[in-house]
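Letter by letter, the chains look like this.
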Amino acid sequence: MAETKLLLRALSGETLPTPPIWMMRQAGRYLPEYRATRAEAGDFLSLCYNSDLATEVTLQPIRRYGFDAAILFADILLIPDALGADLWFVTGEGPRLSTITTEEDFAKLKGADDIHDHLAPIYQTVSNLSSALPKEVALIGFAGAPWTVATYMIAGRGTKDQGPAHALMQENTPLFEALIDRLTDSTIEYLSAQIRAGAECVKLFDSWAGSLKGEAFDKYALAPAKKIISEIKDRHPGVPVIAFPREAGDKYIGFAKETGANCVALDNSVSPEWAAANVQVDGCVQGNLASSHMVTGGQALVDETRHIVQTFKNGPHIFNLGHGITPDANPDNVQLMIDTVREG
Ligand SMILES: Cc1c2[nH]c(c1CCC(=O)O)Cc1[nH]c(c(CCC(=O)O)c1C)Cc1[nH]c(c(CCC(=O)O)c1C)Cc1[nH]c(c(C)c1CCC(=O)O)C2
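Residues numbered from 1 in each chain as written. Predicted model: local features only at pLDDT ≥ 70, side-chain atom pairs only at ≥ 80, totals over all residues. Heavy atoms only, no water.

**Brief notes about the site of the ligand**
- Around the ligand sit 21 residues, and of these Arg 25, Tyr 34, Arg 38, Ser 207 and His 323 come closest.
- Arg 29 is positioned with one of its side-chain polar atoms (N or O) 2.7 Å from an oxygen atom of the ligand.
- Interatomic distance of 2.5 Å between a side-chain N/O atom of Arg 38 and an oxygen atom of the ligand.
- Surface burial for the ligand is 88%, taken as the share of its 860 Å² of free accessible area covered by protein chains.
- Here the residues of the shell around the ligand are counted per class, giving 14 nonpolar, three polar and four charged. (Near = heavy atom within 4 Å. Polar contact = N/O pair within 3.5 Å; in protein donor to acceptor, adjacent residues only side chain to side chain. Areas by Shrake-Rupley, 256 points an atom, 1.4 Å probe, with all protein chains shown as cover. Nonpolar A, V, L, I, M, F, W, Y, C, P; charged D, E, K, R; others polar.)

**Some remarks on the packing of helix H9 (residues 163-171) against helix H10 (residues 173-197)**
- Closest axis-to-axis distance for the H9/H10 pair is 5 Å, and the angle between their directions is 120 degrees. Between H9 and H10, the interaxial angle falls into the category oblique. On the side of H9, the interface is formed by Ala 165, Leu 168, Met 169, Gln 170 and Glu 171, while H10 contributes Thr 173, Leu 175 and Phe 176.
- Of the residues assigned to the contact of H9 with H10, the class counts are five nonpolar, two polar and one charged. (Axes fitted to C-alpha atoms, helices over the stretch in contact; angles between N-to-C directions. Helix = DSSP H or I, 4+ residues; strand = E, 2+ residues; numbered from the N terminus. Parallel < 35°, antiparallel > 145°, perpendicular 65-115°, else oblique. Contact = heavy atoms within 4.5 Å.)

**Describing the UniProt feature "domain: Uroporphyrinogen decarboxylase (URO-D)" (unreviewed entry) in the chain**
- UniProt marks residues 20-29 and 140-156 with the feature "domain: Uroporphyrinogen decarboxylase (URO-D)" (unreviewed entry), using the numbering shown here.
- Secondary structure across residues 140-156 comprises 59% helix and 29% strand; the distance between its end C-alpha atoms is 28 Å. (UniProt positions renumbered as here; feature names shortened; annotations may be inferred.)

**With respect to the layout of surface pockets**
- Taken as a whole, the largest pocket spans an internal volume of roughly 1,400 Å³.
- Lining the largest pocket are 43 residues, and of these Arg 25, Arg 29, Phe 44, Asp 75 and Phe 89 lie nearest its centre.
- Counting only elements with at least two residues in the lining of the largest pocket, the list comes to helix H2 (32-41), helix H3 (44-49), strand S2 (87-90), strand S3 (94-97) and helix H8 (146-155).
- When residues in the lining of the largest pocket are grouped by element, the largest group, three residues, is from S3.
- Its residues placed into classes, the lining of the largest pocket shows 21 nonpolar, 13 polar and nine charged.
- Estimates place the volume of the second largest pocket at around 220 Å³. (1 Å grid on protein atoms, 1.4 Å probe; cavity = no way out; pocket = protein on both sides within 12 Å on 5 of 7 lines; lining within 4 Å. Points joined across faces, edges and corners; volume = space filled by probe spheres on them.)

**Points about helix H7 (residues 116-132)**
- If you check H7, its first and last C-alpha atoms are 23 Å apart, about what 17 residues at 1.5 Å a residue would give, namely 24 Å.
- Along H7, the helix axis deviates most sharply at Ile 122, where the bend reaches about 30 degrees.
- Among all positions in H7, only Leu 119, Ile 122, Tyr 123, Thr 125, Val 126, Asn 128 and Leu 129 are buried.
- Where H7 is buried, its residues contact H3, helix H4 (51-65), helix H5 (78-83), strand S4 (138-144) and H10. (Expected span 1.5 Å × (residues − 1). Bend = angle between axes of the 7 residues up to and from the residue. Buried < 20%, exposed > 50% of the residue type's maximum accessible area, 1.4 Å probe, protein only.)

**Topic: empty space enclosed by the protein**
- In the structure shown here, the tally under the stated rule is one cavity of 30 Å³ or more.
- Taken as a whole, the largest cavity spans an internal volume of roughly 60 Å³.
- Looking at the largest cavity, the residues that line it are Ala 145, Pro 146, Leu 204, Asp 206, Ala 221, Pro 224, Ala 225, Ala 243, Phe 244, Pro 245 and Phe 255.
- Elements represented by at least two residues in the lining of the largest cavity include exactly strand S5 (201-206), helix H11 (214-235) and strand S6 (241-245).
- Taken together, the residues of the lining of the largest cavity break down into ten nonpolar, no polar and one charged.

**With respect to the environment of His 116**
- The residue His 116 is located in helix H7 in this model.
- Not counting residues up to four positions away in its chain, the partners in contact with His 116 are Tyr 123, Glu 189, Tyr 190 and Ala 193.

**Some thoughts on helix H15 (residues 298-311)**
- Its 14 residues place the ends of H15 20 Å apart at the C-alpha level, agreeing with the 20 Å of an ideal helix rising 1.5 Å per residue.
- All of the buried residues along H15 are Leu 301, Val 302, Thr 305, Ile 308, Val 309 and Thr 311.

**A look at the packing of aromatic side chains**
- Taken as a whole and judged by the stated rule, the model has ten aromatic pairs.
- Measuring from ring centre to ring centre gives 4.8 Å for Phe 44 and Phe 89, while their planes differ by 75 degrees; the resulting arrangement is edge-to-face. With a gap of 45 residues between them, Phe 44 in helix H3 and Phe 89 in strand S2 connect regions that are remote in the sequence.
- By relative accessible area, which is 12% here, Phe 44 ends up buried.
- Given the relative accessible area of 29%, Phe 89 is considered partly exposed.
- Three or more aromatic residues joined by ring pairs form one cluster here, namely Tyr 34, Phe 44, Phe 73 and Phe 89.
- If you follow Lys 203 out to its NZ or CZ, it ends over the ring of Phe 244, 4.7 Å from the centre.
- Looking at Arg 246, its charged tip hangs above the ring of Trp 208, at a distance of 5.3 Å from the centre. (Phe/Tyr/Trp six-rings, centres within 6.5 Å; stacked < 30°, edge-to-face > 60°. Lys NZ or Arg CZ within 6 Å of the ring centre and 35° of its normal.)

**Considerations on the confidence of the model for the chain**
- In the predicted model, the chain carries a mean pLDDT of 97, and the fraction of residues at 70 or more is 99%.
- Interface scoring of the predicted complex returns ipTM 0.93; its pTM is 0.97. (pLDDT = per-residue confidence, 0-100.)

**Some thoughts on the sheet that holds S4**
- Read from one edge to the other, the open sheet built from seven strands follows the order S1-S4-S5-S6-S7-S8-S9, with strand pairing classed as parallel. Here the strands that pair on one side only, and so sit at the sheet edges, are strand S1 (69-71) and strand S9 (317-321). The sheet shows a mean angle of 25 degrees between the axes of neighbouring strands, direction not considered.
- Relative to S9, strand S8 (residues 284-289) runs parallel, the two being bridged by five bridges. Bridging from a neighbouring strand, Val 285 pairs with His 317 of S9.
- Each of S4 and S5 touches H10; the most contacted strand, S4, lies at about 165 degrees to it. (Pairing = 2+ DSSP bridges.)

Dropping the structure here:
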């Protein structure tokens, strides 16, 4: 049967009259119904590990807006949690983890094959979603890319410039590379299990790829993505992969070809004109409206949304933001963006 889900058609390289649309962090704090369910769960991590409630929050933006895709509700830091690093979230500040900076810290981590018991509730959420979603809505699974996850594991928290991870890379390269390899192998196992549970596409979030330059980008962003994607393609032929090397700049050029990704997600630091000429020539792109428009709305939102749709209309395109929607966004602006994309 020919594929009917718009997201999967775009990912297979089809140029569509109206691009499919979904939004990073579409289940999140800007939605009152999300805040209510999160309060019911108690805290963010309990929400991630409660399959029924995680299913519910994943479905909320689908019900409210009719997006073309749902993304599993979970977090990129569940992998360190499953590997045995402590993880907690400080309200208003963000994640905290036990740090990995010595061989002794690393030796305590579990193996890549030992993560599944801990992550079973996540696979259950995927499976729930795969039966609960409307038939036209595609289900996206995801994981963090090894470099981005390593930056949190090394520093024990989010950092502006990923300084501690860069320092470990310089000062103890073998340990740093052992961590990248463990994360690469765990990510393959994790994404593979999500696909077995019903994910129809997977996305690899390398949110801090932009701080890797030159050879370091090739070794720690490009090479792990290539290994993960080729292994996923071997195990699950036909399941598309979206790669998001955020703020890669010129390194966006050729990224899909070199890694085997079906689509690259663009942040909003690149212009649609540049990306159409340099990145979309190799296949599908996703993006790239600045999430600040979800706060400010108005004619500027409409104009920039039309500009992005127009600029990418001659090739495969998935409409999305350049990064996650923020808690101060106005839910009405999301509707305005969707109406504008679909007006044509
Ligand atoms: C770096 C990163 C993380 N998590 C993620 C990334 C990569 C993408 C990006 O760059 O945004 C990815 C992520 N996090 C979440 C999802 C779910 C799917 C989605 O809706 O996109 C996804 C795909 C839920 C979440 N992950 C988090 C929330 C907010 C939690 C809450 O309800 O308080 C959500 C909905 C928390 C989180 N999780 C993380 C941080 C730094 C924070 C705190 C910052 C913040 O509060 O926004 C780590």
